[in-house]
Amino acid sequence: MQETIITIQETTNNTILKFNSTKILINGGSYEFSNIDEAKNSPLAQQLFYLPFVKKIFITANFIAIQRFDIVEWTDVQDEVAEQIQAYIADGNIVVNEQISSTKKEAIEVYAEVTPNPAVMKFGTNKALTQTDVEYKNIEEASKSSPLAQAIFNFPFVKEVFISDNYISVTKYDMVDWNEVFSEVRSFIREYLVEGKTIIKELPNETSKIKEEKTTPNIELEGVPAQIVDILDEYIKPAVAGDGGNIAFRSYDEKNKVVSVILQGACSGCPSSTATLKNGIETLLKEMLPNQINEVVAING
């Protein structure tokens, strides 16, 4: 089991601070509490509300966001709050009692969508699945961190599984056609989610690293790399997510002006991914960052 580490991340609202966790906190979805009474199913939130400056708490799978009252500045108290959260989680305490919280049955919907990649089917859902994109190439990888992905790999035709915030992209082998099996996979995923089973129990280290590089440019990146990440997040990621895929920034070679990305989900192995890279991403980056980009390459494509 990996050590729990809490890192602090600023937000655009100076009264709200995010405390990111390397350990999965809850099984998908999110919880918001405005006072200690609302937090009766979250022992951690109740504990945090005893701090006089805590106004609101928002808990997701891998971070806790806290809004403060104006009686203090975050710089005066943020380290102590991070230490308190880290110690609480490290002791194995419950963050949210989800069995109690889920007494009101969720109406789970799962729908199947074709993607530009004929080997990949996208299964969208109205339930939040993860705050961090995760990809698994085989059942062994999945067994280490995602019971849901591991269960999907039990279908003999499943080659890869990619889980994003509200959808799952499944890559199949050529042994079957999707029109023969998609209904069975869709029903299986829906039943799994309805039963409230664990989606992700621990983040894969490499995926966490990719996500960190991709989503925290204000902390990890600056200059051209940070601009590249902003452009990918605002203009590219929403489009490819609609097709069941993801393109994540990996590195920028300043000398040769080459951007390296990682293709995930339906984008990985897609016949049209080269055209997407060259005609879509590369062209857009060259236009928005003149004289800074020569080429965009996929390190896994």
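Residues numbered from 1 in each chain as written. Predicted model: local features only at pLDDT ≥ 70, side-chain atom pairs only at ≥ 80, totals over all residues. Heavy atoms only, no water.

Remarks on the overall build of the protein
Stated precisely, the cut-off is as follows: Runs of E in the DSSP output that reach at least two residues are strands. Runs of H or I that reach at least four are helices, and both are numbered from the N terminus. Burial status follows relative accessibility: with a 1.4 Å probe on protein chains alone, a residue under 20% of its type maximum counts as buried, one over 50% as exposed, and anything between as partly exposed. Two residues form a contact once any of their heavy atoms are found within 4.5 Å. Under the convention used here, a 1.4 Å probe and the Shrake-Rupley method define accessible areas, while residue burial counts only the protein chains that appear.
Along the protein, the regular secondary structure elements total 10 helices and 13 strands. Scored against the burial criterion, the 301 residues of the protein give a buried share of 50%. Here the analysis covers contacts within the protein between residues at least 6 apart in sequence; of these, 61% occur between residues at least 24 apart. A total accessible area of about 14,900 Å² is found for the protein, and carbon and sulfur atoms account for 48% of it.

Structural notes on the nonpolar core
One broad rule of soluble globular proteins: the nonpolar side chains tend to lie buried together. Spelled out, the test is: Residues enter a nonpolar core if they are buried and are Ala, Val, Leu, Ile, Met, Phe, Trp, Tyr or Cys, with the set joined through side-chain atoms within 4.5 Å.
Core analysis: the largest hydrophobic core is formed by 31 residues, its most contacted members being Ile163 and Ile168. Of all elements in the fold, only strand S7 (120-125), strand S8 (134-136), helix H5 (147-152), strand S9 (158-163), strand S10 (167-172) and helix H6 (178-194) reach the threshold of two or more residues within this core. Looking at which element gives the most residues to this core, the answer is H6, with six residues. Setting aside residues no more than four positions away along its own chain, Ile163 makes contact with Leu129, Thr130, Thr132, Asp133, Val134, Tyr136, Ser146, Leu148, Ala149 and Ile168. If you look at the next biggest cluster of nonpolar residues, it comprises 28 residues, including Leu25, Ala39, Leu51 and Ile64.

So, a negative patch on the surface
Put simply, the rule reads: Exposure above 30% relative accessible area and the lack of any salt bridge qualify a residue for a patch; like charges then connect within 9 Å, and the nonpolar side chains Val, Leu, Ile, Met, Phe, Trp and Tyr within 5 Å. By definition here, a salt bridge exists when the distance from a side-chain nitrogen of Lys or Arg to a carboxyl oxygen of Asp or Glu is within 4 Å. Neither His nor the chain ends is counted toward charge; the positive residues are Lys and Arg and the negative residues Asp and Glu. Lys charges are placed at NZ, Arg charges at CZ, Asp charges at CG and Glu charges at CD.
There is a patch of like negative charges on the surface, built from Asp76, Asp79, Glu80 and Glu83. Of note, Glu83 is situated in helix H2 (residues 74-90).

Things to note about the sheet that holds strand S11 (residues 245-253)
Short version of the rule: Strands were regarded as paired on the criterion that DSSP finds at least two bridges between them. Under this scheme, a helix contributes an axis fitted over its contacting stretch, all axes are lines through C-alpha atoms, and angles between N-to-C directions fall in the 0 to 180 degree range.
Pairing is mixed across the open sheet formed by three strands, whose spatial order is S11-S12-S13. Each of the sheet's edge strands pairs with one partner strand only, and the pair in question is S11 and strand S13 (295-298). Averaged over all pairs of adjacent strands, the angle between their axes in this sheet comes to 30°, without regard to strand direction. Bridge count for strand S12 (residues 258-265) against S13 is four bridges, and the pairing is parallel. Within S13, the position partnered with Val261 by the bridge is Ala298. Of the strands in this sheet, S11 and S12 are in contact with helix H9 (residues 223-242), which crosses S11 at around 165°.

Details of H9
For the record, the criterion: The span one expects for a helix is its residue count, reduced by one, times 1.5 Å. Bend, in this description, refers to the angle at a residue between axes fitted to the seven residues ending there and the seven starting there.
The terminal C-alpha atoms of H9, which comprises 20 residues, lie 29 Å apart, in line with the 28 Å expected from a rise of 1.5 Å per residue. Where H9 bends most, the angle comes to about 45°, and this point is Ile236, followed within four residues by the proline Pro238. Among all positions in H9, only Val224, Pro225, Ala226, Ile228, Val229, Ile231, Leu232, Ile236, Val240 and Ala241 are buried. Note on H9: the residue one or two positions beyond its end, Gly244, has a positive phi of about 85°.

Some remarks on the pairing of S9
Of all six residues in S9, five are buried; the element is thus mostly enclosed. As defined by bridge partners, S8 adjoins S9 across three bridges and the pair is classed as antiparallel. What sits directly across from Val134, in S9, is Ile163. Note that S9 and S10 share five bridges and pair antiparallel. Residue pairing across strands places Ile163 opposite Ile168, the latter belonging to S10. Connecting S9 to the antiparallel partner S10 that follows it, the hairpin turn spans three residues.

Some points on the environment of Ile199
Positionally, Ile199 belongs in the loop between H6 and helix H7 (205-215). Sequence separation of Ile199 and Ser146 is 53 residues, and the distance between their C-alpha atoms is 5.8 Å.

What to know about the confidence of the model for the protein
To keep it simple, the criterion reads: pLDDT expresses how confident the predictor is about each individual residue, on a scale running from 0 to 100.
Considering every residue of the protein, the mean pLDDT works out to 84; 86% of them sit at 70 or more. Note on residues 207-219: pLDDT is under 50 here. Beyond four places in sequence and across chains, it has 35 contacts.

Some remarks on unusual backbone geometry
One non-glycine residue with positive phi stands out, namely Lys257, at about 60°. Relative to the helices and strands, Lys257 resides in the loop between S11 and S12. Overall, the relative accessible area of 27% leaves Lys257 in the partly exposed class. Backbone geometry places Asn291, a non-glycine residue, at a positive phi of 65°. Residue position: Asn291 is located in the loop between helix H10 (273-288) and S13. Relative accessible area serves as the criterion here: at 66%, Asn291 is assigned to the exposed category.

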